[in-house]
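# Structural features, examined
The primary structure of each chain is shown beneath.
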Amino acid sequence: MEAIGGFAVFIMVLAVFAVIFIAKSVRVVPQQEAWVVERFGKFHTVLQPGLNFIIPIIDRVAYRQTLKEIPMDTSSQICITKDNTQLQVDGVLYFQVTNPELASYGTSDFVMAITQLAQTSLRSVIGTMSLDKTFEEREEINARVVQAVDEAAQTWGVKVLRYEIKDLTPPKEILRVMQLQITAEREKRAVIATSEGQKQKEINIAEGERAAMIAQSEGEKQAAINKAEGEARAIEAVAKAQAEAIRAVAQAISQPQGMQAVNLQVAEKYVEAFGKIAKEGNTLLLPANLADMGSMVASAMTIIREQNGKPAAAPAIPLKNCETRALKV
């Protein structure tokens, strides 16, 4: 009975050891993690996510590395720019483990190594820039820090993805001077904008006056042209009317009793002309022989016949017989 009891205890102990052995040999690795296994203190393998088996006592999980992207704040630090201005800078570093073996054995603490290297690289990059450039070239600063840290982190099995500056804080005196500079720049822009507006206003007024003067001159030009055309047409109409009248007179003279009518009209014009002289002035012009009205009419008719191309019916009276007398009225 004692032998049977001892055997049962042995079986139970063996079963317990078997359960413990199986429990120690089975490893379930979560997603986005990698476990580094050592065998007798030496690197053996890397367990991938899922169900894995190891040999208890011989193998052990030495390191557990996460493969997720890790954001990490870098401590705020004082950096000196190229123009000897102090800046307080802090940022965020993003990295990811790509080689669990190197991350485990490449350095004692790759997180601290990356952090220190990022801060050192940041001071170096800012030291090559002036104060104004540090505010304008944040993207360049981030890219240069990532490049410098990533080259060194490859030996640690880490990939540096990006670096972002959170704050760039200059001293209070610099901030006050920058504020004054910004205010002056804005005032300068306002003055320039006002002057540009005034300039444009004067240009618009000048162009408007020029356009108005051109339009006025064009109107005056067109009015002068219209007036000249009207006067020309009026003169042409008067000339045509006079020509028609002359033709009518010529036709009337060629008719029977036409010359007698002309004689009568010339006599009337003669008397009317001397009457006007008597009314309009205090000097009266009279022919030498005022009673010889017939001779004056005959002279006028002779001229009319010569103008019409007909022979004169009576000889013209010589001009020497047409003396006039000036009487003071």
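To keep things clear, this report deals only with the structure shown in the data block. Note that the structure is predicted; figures quoted are calculated from it, not measured. (Residues numbered from 1 in each chain as written. Predicted model: local features only at pLDDT ≥ 70, side-chain atom pairs only at ≥ 80, totals over all residues. Heavy atoms only, no water.)

Per the counting criterion, the structure on display carries three aromatic pairs. Between Phe-43 and Tyr-105, the ring centres sit 6.1 Å apart and the planes meet at 80°, which makes this aromatic pair edge-to-face. Of this pair, Phe-43 sits in strand 3 (residues 42-47) while Tyr-105 is found in helix 2 (residues 100-105), placing the two residues 62 residues apart along the sequence. Overall, the relative accessible area of 29% leaves Phe-43 in the partly exposed class. With relative accessibility at 35%, the residue Tyr-105 sits in the partly exposed group. Geometrically, the ring pair formed by Phe-95 and Phe-110 is edge-to-face, given 6.2 Å between the ring centres and 85° between the ring planes. Of this pair, Phe-95 sits in strand 7 (residues 86-97) while Phe-110 is found in helix 3 (residues 110-126), placing the two residues 15 residues apart along the sequence. You'll find Phe-95 and Phe-110 in the same group, each marked buried. Pairwise contacts between aromatic rings join Phe-43, Tyr-63 and Tyr-105 into one cluster. The ring centre of Trp-35 lies 4.0 Å from the NZ or CZ of Arg-64, which sits over that ring. Residue placement shows Arg-162 over the ring face of Tyr-94; its charged tip is 4.4 Å from the ring centre. (Phe/Tyr/Trp six-rings, centres within 6.5 Å; stacked < 30°, edge-to-face > 60°. Helix = DSSP H or I, 4+ residues; strand = E, 2+ residues; numbered from the N terminus. Buried < 20%, exposed > 50% of the residue type's maximum accessible area, 1.4 Å probe, protein only. Lys NZ or Arg CZ within 6 Å of the ring centre and 35° of its normal.)

The subject of this paragraph is the pattern of salt bridges. For the coordinates displayed, the defined rule picks out eight salt bridges. Between Asp-150 and Lys-159 there is a salt bridge, with the nearest N and O atoms lying 3.3 Å from each other. (Salt bridge = Lys/Arg side-chain N within 4 Å of Asp/Glu carboxyl O.)

So, about the nonpolar core. The biggest cluster of nonpolar side chains holds 32 residues, and the ones touching the most others in it are Ile-114 and Leu-122. Going through the elements one at a time, strand 2 (33-39), strand 6 (69-80), strand 7, helix 3, helix 5 (138-153) and strand 8 (158-169) are the ones with two or more residues in this core. Apart from residues no more than four positions distant in its own chain, Leu-122 is found in contact with Gln-77, Cys-79, Val-89, Ile-141, Val-145, Tyr-163 and Ile-165. (Core = buried A, V, L, I, M, F, W, Y, C linked by side-chain atoms within 4.5 Å. Contact = heavy atoms within 4.5 Å.)

For the rest of this paragraph, the subject is the packing of helix 3 against helix 5. Here helix 3 crosses helix 5 at 140°, and the two axes come no closer than 9 Å. With respect to helix 5, the axis of helix 3 lies oblique. Here helix 3 and helix 5 pass one another in a crossing that is right-handed. Contacts from Ile-114, Leu-117, Ala-118, Ser-121, Leu-122, Val-125 and Ile-126 of helix 3 reach helix 5 at Ile-141, Arg-144, Val-145, Ala-148, Val-149, Ala-152 and Ala-153. Of the residues belonging to the contact of helix 3 with helix 5, the class tally is twelve nonpolar, one polar and one charged. (Axes fitted to C-alpha atoms, helices over the stretch in contact; angles between N-to-C directions. Parallel < 35°, antiparallel > 145°, perpendicular 65-115°, else oblique. Left-handed = near helix turned anticlockwise from the far one by under 90°. Nonpolar A, V, L, I, M, F, W, Y, C, P; charged D, E, K, R; others polar.)

Across its 16 residues, helix 5 extends 22 Å between first and last C-alpha, which sits within 8% of the 22 Å expected from 1.5 Å per residue. Listed in full, the buried residues belonging to helix 5 are Ile-141, Asn-142, Val-145, Val-146, Val-149, Asp-150 and Ala-153. Angularly, the buried residues of helix 5 cover 150° about the axis, an arc narrow enough to put them on a single face. The secondary structure elements touched by the buried residues of helix 5 are helix 3, helix 4 (131-136) and strand 8. (Expected span 1.5 Å × (residues − 1). Arc of directions from axis to C-beta.)

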